[in-house]
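For reference, the chains in residue letters:
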Amino acid sequence: QVELVESGGGLVQPGGSLRVSCAASGRTFSSYAMAWFRQAPGKEREFVSAITWSGGGTYYASSVEGRFTISRDNAKNTVSLQMNSLKPEDTAVYYCAARRLDHSYNFRDYRFWGRGTQVTVSS
């Protein structure tokens, strides 16, 4: 069992930066691939980024490639998403998710979810 709690959301101006983090409980965190998804009002939850259990592999949606960076610290049971050059279209609730072993781009493949943190990009 893994419990996930996101933090760090907020309001930022276009072009600004924000870092969201996810704290995980459980002693087997290092055996889970971790991912960030986001969901804007009226839209389906979409993949943002994922990182392998070791941190050796990272994956990004084309819409955030080059602007967002995912990282994890297995000693602290945390995963973070550094978001730079934010755009209004990045506005959404950002969810942290965990999946045993391999990552996936499909939100339906993830068993464990946090409650989400709101990110709003607006002037």
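What comes next is a walk through the structure. Everything numeric here is computed off the predicted structure, so don't read it as measured data. (Residues numbered from 1 in each chain as written. Predicted model: local features only at pLDDT ≥ 70, side-chain atom pairs only at ≥ 80, totals over all residues. Heavy atoms only, no water.)

## What about unusual backbone geometry?
Moving on, step 1. Here Asn77, not a glycine, exhibits a phi torsion of approximately 55°, which is positive.
Moving on, step 2. Here Asn77 lies in the loop between strand S7 (68-73) and strand S8 (78-83).
Moving on, step 3. Positive phi values are uncommon outside glycine, yet Leu101 reaches one of about 65°.
Moving on, step 4. Residue placement: Leu101 occurs in the loop between strand S9 (92-100) and strand S10 (112-113).
Moving on, step 5. A relative accessible area of 49% places Leu101 in the partly exposed class. (Helix = DSSP H or I, 4+ residues; strand = E, 2+ residues; numbered from the N terminus. Buried < 20%, exposed > 50% of the residue type's maximum accessible area, 1.4 Å probe, protein only.)

## A short note on the sheet that holds strand S3 (residues 18-24)
Moving on, step 1. Spatially, the 4 strands line up as an open sheet ordered S1-S3-S8-S7, and their pairing is antiparallel. One side of each edge strand has no neighbouring strand; the edge strands of this open sheet are strand S1 (4-7) and S7. On average, adjacent strands in this sheet sit at an angle of 15° to one another, irrespective of strand direction.
Moving on, step 2. In terms of strand pairing, S7 meets S8 through 6 bridges, oriented antiparallel. The residue of S8 that forms the bridge with Phe68 is Met83. (Pairing = 2+ DSSP bridges. Axes fitted to C-alpha atoms, helices over the stretch in contact; angles between N-to-C directions.)

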